[in-house]
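# Working through the structure, step by step
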Amino acid sequence: MDVIRTAIGLMSGTSMDGIDVALIRTDGRGFIERGPFMGVPYDADFRGQLKRALELSLPLSDRSERPAELRDIELELTLRHAIAVTAFMGRFELSTDGVDVLGFHGQTVLHRPDEGLTIQIGDGPELARRTGISVVYDMRANDMVHGGQGAPLVPAYHAALAGKFQQQGQAVCFVNIGGISNLTFIGTDGRISAFDSGPGNTLIDQWVEMQTGRTYDPGGQIGGRGKVVASLAERYLDNPFFRGNVRRSLDRGDFATLRPEEASLEDGARTLAHVAAASIIKSANFLPETPAIYIVCGGGRLNATVMAEFSAMAERLGSKVLTAEEAGFDGDAMEAEAWAYLAVRSLDGLPLTFPGTTGVDAPVSGGVLATA
Ligand SMILES: Nc1ncnc2c1ncn2[C@@H]1O[C@H](COP(=O)(O)OP(=O)(O)OP(=O)(O)O)[C@@H](O)[C@H]1O
Ligand SMILES: CC(=O)N[C@H]1[C@@H]2OC[C@@H](O2)[C@@H](O)[C@@H]1O[C@H](C)C(=O)O
């Protein structure tokens, strides 16, 4: 029998809004028992430091290079993860002995798949030392070494969750609307097709923050009061990213947000919500078939304007749209759970990525182990 391990996944995503912490028990294969979840938001000062980390990373061409200031931010990020783990274990009364591994994503500061370069900051050995728990980190690099896009990695977990839909004979597609959006299609025969689908919340967040100081559009209310400016929406949707037959993964900086003079606050937020929804539908054209069901995860499902636009578009094409919760999952915890699942797979040397998920040449494992 395969070993069942207890794993905690730690995700600091492209939205840079905080650390998601989730626990699962899994054999890294078909057995998954989902446990507690906790979100630890970043304060404005640290979000500023992460933005600075993106700037500092722009000139880097070697993924292990750490200018002193970036190294300091990396240490601070690692300490915050250690504190988040300790708080999580305290809240849910877990002991170090009861957790086998931490799956540590770190923070992506630069992602240039065309150059084979992806950089995540986060010090795995330091996190293992601070928490007393072994850590699997740096899970994207090996995929790139083998010709993959380095992202998305969550699809292996989506596929493991999709069993019940397969049994019902339904092709299902998980949609993650994070800072960037990505799709995982799982056919009734178990075939996986996954890729980044376009800008998610990042453009909306940047726009709303620039105009109001708030870091996102709560509930999509600001956008809900505006109208779509067709010319601006077309500018985004005409991007070469949506053409061509090879799906490439995205960096947070690949799409520039609107300029203040281009729209009112409300119309800008509405237009960017439309772009987030329409990008998913445009990219879904590259799926093997129209999914019977979309399951929407990530913070973007809480933006009612994005969700209304996306649901209307998908339903016109004959698909049903469910939130992760409606499908029996937790849309906030999904990526952190996935990082826990991937850490266990890494310990067992199982593939994290597949030709159908990142375009990697053949299924490959990945991740680096730092023992406690
Ligand atoms: N109540 C809400 N109303 C509207 N939008 C929200 C709400 N809560 C979160 N969001 C949006 O979701 C974003 C965070 O989503 P999430 O945590 O899924 O992204 P991420 O994991 O950082 O990104 P990625 O998946 O690209 O790595 C926020 O930046 C915000 O735009
Ligand atoms: C390089 C990088 O960090 N990419 C993220 C980003 O955020 C969403 C999308 O772009 C996805 O490809 C990926 O994250 C998720 C967790 C993934 O790898 O599945």
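The model shown is predicted, which means the values in this text are computed figures rather than measured ones.

## Some words on the site of ligand 1
Lining the immediate environment of ligand 1, one finds 20 residues, of which Thr14, Asp205, Gly219, Gly299 and Glu335 sit closest. Gly179 has a polar backbone atom sitting 2.9 Å from an oxygen atom of ligand 1. For ligand 1, the protein covers 85% of the area, taking 650 Å² as the surface of the free molecule. Looking at the shell around ligand 1 residue by residue, the class counts come to four nonpolar, twelve polar and four charged. The residues that make up the shell around ligand 1 include at least three from each of domain 1 (5–152 + 331–370) and domain 2 (155–323).

## Some points on unusual backbone geometry
Of note, the bond from Ala151 into Pro152 is cis; its omega dihedral lies within 30 degrees of zero at -10°. Tracing the backbone through its elements, the reader meets Pro152 in the loop between helix 4 (141–145) and helix 5 (155–161). With a phi close to 60°, Met16 is a non-glycine residue in the positive phi region. Within the secondary structure layout, Met16 lies in the loop between strand 1 (5–11) and strand 2 (18–26). Phi at Asp138 takes a positive value of approximately 55°, unusual for a residue other than glycine. By the secondary structure assignment, Asp138 is in the loop between strand 7 (135–137) and helix 4.

## Focus: the site of ligand 2
Near ligand 2 there are 16 residues, and of these Thr108, Arg140, Leu153, Val154 and Asp196 occur at the shortest range. For ligand 2, an oxygen atom lies 2.8 Å from a polar atom in the backbone of Leu153. Contact distances for ligand 2 include 2.6 Å between an oxygen atom and a side-chain N or O atom of Asp196. Computed on the free molecule, ligand 2 has an accessible area of 430 Å², of which 97% lies beneath the protein chains in the complex. Those elements that provide at least two residues to the shell around ligand 2 are strand 5 (107–112), strand 9 (180–186) and helix 12 (334–347).

## Topic: the confidence of the model for the chain
Regions with low pLDDT carry predicted coordinates that are not meant to be interpreted in detail. Model confidence for the chain is summarised by a mean pLDDT of 97, while 100% of its residues fall at 70 or above. When pLDDT is averaged over each element of the chain, strand 4 (residues 101–104) comes out on top at 99 and helix 6 (residues 163–167) at the bottom at 86. As a predicted assembly, this complex carries a pTM of 0.97 together with an ipTM value of 0.98.

## Details of the nonpolar core
Counting residues in each nonpolar core, the largest one holds 43 residues, and the members touching the most others are Leu183, Trp207, Tyr294 and Phe310. Of all the secondary structure elements, the ones that give two or more residues to this core are strand 8 (172–177), strand 9, helix 7 (202–212), helix 9 (230–237), helix 10 (265–284), strand 11 (293–297) and helix 11 (304–316). The element contributing the most residues to this core is helix 10, with eleven residues. By size, the runner-up hydrophobic cluster in this structure holds 37 residues, among which are Ile24, Leu153, Ala162 and Ala324.

## Re the UniProt feature "binding site: ATP" (unreviewed entry) in the chain
With numbering matched to this structure, UniProt assigns "binding site: ATP" (unreviewed entry) to Gly13, Thr14, Ser15, Met16, Asp17, Gly18, Ile19 and Asp20. Here Thr14 lies in the loop between strand 1 and strand 2. Summarising the element assignment, Asp20 is placed in strand 2. Classification of Asp20 as partly exposed rests on a relative accessible area of 23%. With near-sequence residues (within four places) excluded, Asp20 lies in contact with Gly9, Leu10, Met11, Phe37, Met38, Gly39, Asp332 and Ala336.

## Details of the packing of aromatic side chains
The final tally for this structure, using the stated rule, is eight aromatic pairs. Ring centres of Tyr42 and Phe46 lie 4.9 Å apart, and the angle between their planes is 65°; on these two criteria the pair is classed as edge-to-face. Each member of the pair Tyr42 and Phe46 is classed as buried. For the ring pair Phe174 and Phe329, a centre distance of 5.9 Å and an interplane angle of 40° mean the geometry is tilted. Of this pair, Phe174 sits in strand 8 while Phe329 sits in the loop between strand 12 (320–323) and helix 12; the two residues are 155 residues apart in sequence, bridging distant segments of the chain. The same class applies to Phe174 and to Phe329, which are both buried. In textbook terms, an aromatic cluster arises when at least three aromatic residues are bridged by ring pairs, as seen for Phe241, Phe242 and Phe255.

## Quick notes on helix 2 (residues 68–91)
Helix length check: helix 2 (24 residues) gives 35 Å between terminal C-alpha atoms against 34 Å at 1.5 Å per residue, within 8%. When we look at burial in helix 2, the residues that qualify are Leu70, Ile73, Glu74, Leu77, Thr78, His81, Ala82, Ala84, Val85, Phe88 and Met89. In the stretch just after helix 2, Glu93 is the one whose phi turns positive, near 55°.

## Focus on the sheet that holds strand 9
Strand order across the open sheet formed by five strands is 10-9-8-11-12, with mixed pairing between neighbours. Each edge of the open sheet is held by one strand with a lone partner, namely strand 10 (192–199) and strand 12. On average, adjacent strands in this sheet sit at an angle of 20° to one another, irrespective of strand direction. Sheet topology places strand 9 next to strand 10; seven bridges connect them, and they run antiparallel. Within strand 10, the position partnered with Asn182 by the bridge is Asp196. Helix 11 rests against strand 8, strand 11 and strand 12 of the sheet, and its axis sits at about 150° to strand 12.

## Let's talk about the domain arrangement of the chain
Partitioning the chain into structural domains gives domain 1 (5–152 + 331–370) and domain 2 (155–323). Placing a centre on the C-alpha atoms of domain 1 and another on those of domain 2 gives a separation of 23 Å. On the side of domain 2, 31 residues touch domain 1, which itself brings 29 residues to the contact. Buried area between domain 1 and domain 2, both sides added, is near 2,300 Å², and the carbon and sulfur share of it is 55%. The interface formed by domain 1 and domain 2 holds four salt bridges in total. Across the contact surface, domain 1 and domain 2 share 15 residue pairs in polar contact (both at pLDDT 80 or more). If you list the elements that add at least two residues to the side of domain 1 that touches domain 2, you get strand 3 (32–41), helix 1 (44–57), strand 5, helix 12 and helix 13 (355–358). Residues that form the side of domain 1 that touches domain 2 fall into these classes: 14 nonpolar, seven polar and eight charged.

The rules behind each value
Residues numbered from 1 in each chain as written. Chains lettered and ligands numbered in written order. Predicted model: local features only at pLDDT ≥ 70, side-chain atom pairs only at ≥ 80, totals over all residues. Heavy atoms only, no water. Near = heavy atom within 4 Å. Polar contact = N/O pair within 3.5 Å; in protein donor to acceptor, adjacent residues only side chain to side chain. Areas by Shrake-Rupley, 256 points an atom, 1.4 Å probe, with all protein chains shown as cover. Nonpolar A, V, L, I, M, F, W, Y, C, P; charged D, E, K, R; others polar. Domains from an automatic or database assignment. Helix = DSSP H or I, 4+ residues; strand = E, 2+ residues; numbered from the N terminus. pLDDT = per-residue confidence, 0-100. Core = buried A, V, L, I, M, F, W, Y, C linked by side-chain atoms within 4.5 Å. Buried < 20%, exposed > 50% of the residue type's maximum accessible area, 1.4 Å probe, protein only. UniProt positions renumbered as here; feature names shortened; annotations may be inferred. Contact = heavy atoms within 4.5 Å. Phe/Tyr/Trp six-rings, centres within 6.5 Å; stacked < 30°, edge-to-face > 60°. Expected span 1.5 Å × (residues − 1). Pairing = 2+ DSSP bridges. Axes fitted to C-alpha atoms, helices over the stretch in contact; angles between N-to-C directions. Buried area = accessible area lost by both parts, 1.4 Å probe. Salt bridge = Lys/Arg side-chain N within 4 Å of Asp/Glu carboxyl O.

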